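# Per-entry structural report
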Amino acid sequence: FTSYEPDIEHKGFQVKKGHETKVEAFGYGRIHLSIKDGLGKEAQSHIVVRRSGSEKNVLGTWQKNIDLPPGRYDLLLTSFEPDMVIRGVQVRKHQQINTTAQGYGRIFVDCRDLAGKQSSVHISVHRAGQRKAIVGTWSSKIDLPPGRYDLHFATGGDGKWARGLVVRTKSQTNIRVSR
């Protein structure tokens, strides 16, 4: 601080007019998070911060610079379906840790109606061979961790399936569906 007003005193330190006084206000560290979508392009996400190993949220933010007290944290990027998780980020006092949330690939669904016009469809995403859906979405762009997936399209009746789709980091798998 540099004071240009009369002297200031506050909880154990004094700032004198015209003099520079350095004060350690907080012992926080910073996480700088770079977020990439399924194709490696800059993205935005809401971020939930938890102490590692805890289910209790410390904070939620859209900011990519997160100031926290020292400790180990897990970051959940909730704008991805399913949530992208970064575990065990170590925050140290007065240090910045840079980390990148990347590792997903993308499935792009081109849905067309009977006339060939672009349409939308509800999609249930399943891990290959599993009955339980991990996410349901209306989005044509689905960013997922690498792996094999089955997609169910609610096109009426029993719907349609696309099975064994492979998702690789920073790559896109395209599929076309007719309603």
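Anyway, here's the lowdown on the structure attached to this text. No experiment lies behind these values; they were computed from the predicted model shown.

### Regarding the overall build of the chain
Scanning the chain from terminus to terminus reveals zero helices and 16 strands. When burial is assessed residue by residue, the chain has 35% of its 179 residues classed as buried. Nonlocal contacts in the chain, meaning residues at least 24 apart in sequence, comprise 49% of its contacts between residues at least 6 apart.

### Here's the deal with the sheet that holds strand β4 (residues 47–51)
Spatially, β5-β4-β7-β8 is the arrangement adopted by the four strands of the open sheet, whose pairing is antiparallel. Edge positions in the sheet fall to β5 (57–61) and β8 (84–91), since each of these pairs with one other strand and no more. Sheet twist, expressed as the mean angle between neighbouring strand axes with direction ignored, is 25 degrees. Alignment of β4 against strand β7 (residues 71–77), held across five bridges, turns out to be antiparallel.

### Overview of the packing of aromatic side chains
For any pair of aromatic rings, the description consists of the separation of the ring centres together with the inter-plane angle of the planes. Applying the stated criterion to the full structure yields zero aromatic pairs. Between the NZ or CZ atom of Arg-163 and the centre of the ring of Trp-161, over which it lies, the distance is 4.1 Å.

Rules and cut-offs
Sequence positions are assigned chain by chain, starting from 1 and proceeding in written order. This being a predicted model, a pLDDT of at least 70 is required before a residue's local features are given, and a value of 80 or more before pairs of side-chain atoms are given or counted; all residues contribute to the totals for chains, interfaces and linings. Excluded from the side-chain calculations are hydrogens and water; all other atoms, namely the structure's heavy atoms, are used. Only runs of H or I of at least four residues qualify as helices and only runs of E of at least two qualify as strands under DSSP, and these elements are numbered from the N terminus. Using a 1.4 Å probe on the protein chains alone, a residue whose accessible area is under 20% of its type maximum counts as buried, one over 50% counts as exposed, and one in between counts as partly exposed. By the convention used here, residues are in contact when the closest approach between their heavy atoms is within 4.5 Å. By the convention used here, strands pair only if DSSP detects at least 2 bridges between them. Note on geometry: axes are C-alpha line fits, over the in-contact stretch for helices, and angles between N-to-C directions span 0 to 180 degrees. Note on aromatic pairs: the rings of Phe, Tyr and Trp (six-membered ring only in Trp) are paired at centre separations within 6.5 Å, and the planes decide the class, stacked below 30 degrees, edge-to-face beyond 60, tilted for the rest. Put simply, a charge is over a ring when the Lys NZ or the Arg CZ is close to the ring centre, within 6 Å, and near the line of the ring normal, within 35 degrees.

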